[in-house]
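For reference, the chains in residue letters:
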Amino acid sequence: MDARVATAPKSSGSKLLDALKSKMDWGFLLLRNTLPILVVPWKGRTYALVTRYDDVQEVLQRPNVFNVTYAPKIAVIMDGDNIFLGMKDEPNYTRDRTNMRMTAPRGEALSRVKPEVARLTAEAVQRALPGGRLDLAMELTQDVTTRFFGAYFGTPGRSVTQFSDQVRWLFGWMFADIANDPAKAAPAARLAADLRAYVEEAIAARKQARGQQDDILERCLRFQDMGTEGFSDREIRNNLIGLIVGALPQAPMVIPQLFDILLDRPQQLREAQAAARADDDAAVSRYVFEASRFFPLTPGLFRNCEEDYRVAAGNWRARTIPKGAFVMAATRSAMFDGRRVPRSWQFRTDRPDYSYMHFGYGMHECFGLYMNRVMVPEICKAVLKLPNLRRAPGPEGRLRMDEEFGIFPMNLTVAFG
Ligand code: HEM
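Residues numbered from 1 in each chain as written. Predicted model: local features only at pLDDT ≥ 70, side-chain atom pairs only at ≥ 80, totals over all residues. Heavy atoms only, no water.

- In the nomenclature of an unreviewed UniProt entry, the protein is known as Cytochrome P450 of Paracraurococcus lichenis.

This is the structure we're talking about:
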């Protein structure tokens, strides 16, 4: 065992990240108890920050009042079109989400996602065994998700690295570039055009070789054969791109982040490892999603307010959010609201599922919800089974985020054995 591991100093970057993280949670705590629905006019626009569990859910349950903000960037990616992520509660929303659900049935989370992800994870771990080190970000999770979804969707990409880099940039531009930085828009437009061309080629190629694969592309084409509405080539392309951009980058964000929490909590790490070694999937899942609460995907979800609306009406804290406001429903804060998540500062594994909003809430709740609930713990289980699991020494053992967007873990190496 490497004696330096336990004492490896944190880099100034990760110290800063830690400081910001803890300040954010203190800020949310303060707001939940003083100004739970903060409404601030600034430079000609109104901004609202909603921090309590009940109010966050109220906002996310009103998709036609608090509309998603994604349509303009989706239009760039889809060459003028929209997909269900960017829509209100309208007929095409229901049609497209239902269509895609028919091609990716919920039951496949267990029958297909779980075994395939377990196999790919085992291969990645096997490759790392001789070296006794494994990077949980790119080397493990990005590799596994890109390969798995490539096969499941029928769009493996031109290469694992090129495909995941391209999609990660598009995801960052869509979800993390709130200031609409022009320097990010140009590469995004280029990458989007390339992705469209790739998916169009995949559809055309499949039409020449039908019936040999059982994947989402093949199933879409079967619905097209039947004349089902919503399955034109262009609609298949758009929905596949939506799934690709939604699916590839997020487990590689969530998994290194939750291990960053677990690796600093020896007791919970030991317990999670015991659960993994006993193949107690339900218990592994509880450790994983509880750890993720302390370092979730995002502080919150953004919405455009489309009509004056009073949140928490009838309560002392009620505030009217005016039409035109830019709203953040702070899911991270909601998951620490002690009114609904008892002893929220404690790491507990007996919390009901509804304590968590890792995958959003309401109409736009993640399409991949059931896959994620299986996939994330399955990948983590293989890591947790490694003997003497610890941070690798030096900066490699500290979470490093990407430089362009600051939201993507690029490295967190663990050592074992
Ligand atoms: C750990 C992995 C994932 C996380 C943390 C995650 C998180 C989320 C969240 C928070 C939302 C809600 C967005 C909002 O309301 O503004 C969402 C929506 C969505 N996600 Fe995921 N996601 C993950 C994986 C996936 C996967 C694997 C897929 C595809 C198979 C996917 C496809 C989508 C789609 C299409 C939506 C839009 C749903 C709608 O508008 O009805 N996501 N996801």
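1. Observations concerning the packing of helix 11 (residues 251-262) against helix 15 (residues 369-384)
At step 1: Interhelical geometry of helix 11 versus helix 15 gives an angle of 45° and a closest axis separation of 11 Å. As far as their axial angle goes, helix 15 and helix 11 are oblique. Note that helix 11 runs across helix 15; the crossing there is right-handed. The residues of helix 15 that touch helix 11, namely those facing Val-254, Ile-255, Leu-258, Phe-259 and Leu-262, are Val-376, Ile-379, Cys-380, Val-383 and Leu-384.
At step 2: For the contact of helix 11 with helix 15, a count of residues per class yields ten nonpolar, no polar and no charged. (Axes fitted to C-alpha atoms, helices over the stretch in contact; angles between N-to-C directions. Helix = DSSP H or I, 4+ residues; strand = E, 2+ residues; numbered from the N terminus. Parallel < 35°, antiparallel > 145°, perpendicular 65-115°, else oblique. Left-handed = near helix turned anticlockwise from the far one by under 90°. Contact = heavy atoms within 4.5 Å. Nonpolar A, V, L, I, M, F, W, Y, C, P; charged D, E, K, R; others polar.)

2. Quick notes on the layout of surface pockets
Empty space among the atoms can be located by rolling a probe the size of a water molecule over them.
At step 1: Of the voids in this model, the second largest pocket is the one considered here, and its volume is about 520 Å³.
At step 2: Along its surface, the second largest pocket is lined by 26 residues, and Ser-285, Phe-289, Asp-353, Phe-359 and Arg-373 are the ones closest to its centre.
At step 3: Elements with a minimum of two residues in the lining of the second largest pocket: helix 5 (108-128), helix 13 (281-293) and helix 15. (1 Å grid on protein atoms, 1.4 Å probe; cavity = no way out; pocket = protein on both sides within 12 Å on 5 of 7 lines; lining within 4 Å. Points joined across faces, edges and corners; volume = space filled by probe spheres on them.)

3. What about a nonpolar patch on the surface?
At step 1: Taken together, the side chains of Val-40, Trp-42 and Tyr-47 make up a nonpolar region of the molecular surface, amounting to roughly 290 Å² of accessible area.
At step 2: Assignment of secondary structure puts Trp-42 in strand 1 (residues 37-42). (Patch = residues over 30% accessible without salt bridge, like charges linked within 9 Å, V, L, I, M, F, W, Y side chains within 5 Å. Areas by Shrake-Rupley, 256 points an atom, 1.4 Å probe, with all protein chains shown as cover. Salt bridge = Lys/Arg side-chain N within 4 Å of Asp/Glu carboxyl O.)

4. Some remarks on the nonpolar core
At step 1: Core analysis: the biggest nonpolar cluster contains 122 residues, and Phe-259 and Ile-321 have the highest contact counts within it.
At step 2: Counting seven residues, the second-largest nonpolar core is a separate cluster that includes Leu-31, Phe-302, Phe-326 and Met-328. (Core = buried A, V, L, I, M, F, W, Y, C linked by side-chain atoms within 4.5 Å. Buried < 20%, exposed > 50% of the residue type's maximum accessible area, 1.4 Å probe, protein only.)

5. A word on the site of the ligand
At step 1: Looking at the ligand, there are 27 residues lining it, with Tyr-70, Tyr-93, Arg-97, His-364 and Cys-366 nearest.
At step 2: Here Gln-250 contributes a side-chain N or O atom positioned 3.0 Å from a nitrogen atom of the ligand.
At step 3: Contacts to the ligand include Arg-303, whose side-chain N or O atom sits 2.7 Å from an oxygen atom.
At step 4: Counting residues per element, the shell around the ligand draws most heavily on helix 15, which supplies three residues.
At step 5: When grouped by side-chain class, the residues that make up the shell around the ligand number 17 nonpolar, seven polar and three charged. (Near = heavy atom within 4 Å. Polar contact = N/O pair within 3.5 Å; in protein donor to acceptor, adjacent residues only side chain to side chain.)

6. A look at the coordination of the iron atom of the ligand
At step 1: Just one protein atom coordinates the iron atom of the ligand, and that atom is Cys-366 (SG), at 2.2 Å.
At step 2: Structurally, Cys-366 is set in the loop between helix 14 (331-334) and helix 15. (Donors = N, O, S within 2.8 Å, 3.2 Å for Na, K, Ca; no water.)

7. So, the sheet that holds strand 8 (residues 326-329)
The strands that make up a sheet are held in pairs by hydrogen bonds between backbone atoms, and each pair lies either parallel or antiparallel.
At step 1: In space, the five strands of this open sheet follow the order 1-2-8-5-3, with mixed pairing throughout. Of all strands in the sheet, those bounded by a partner on one side alone are strand 1 and strand 3 (66-68). On average, each strand axis in the sheet is inclined to that of its neighbour by 30°, with strand direction left out of account.
At step 2: As defined by bridge partners, strand 1 adjoins strand 2 (residues 45-50) across six bridges and the pair is classed as antiparallel. Along strand 2, the bridge assignment pairs Val-39 with Ala-48.
At step 3: Sheet contacts for helix 2 (residues 53-60): strand 1, strand 2, strand 3, strand 5 (301-305) and strand 8; angle to strand 8, the most-contacted strand, approximately 125°. (Pairing = 2+ DSSP bridges.)

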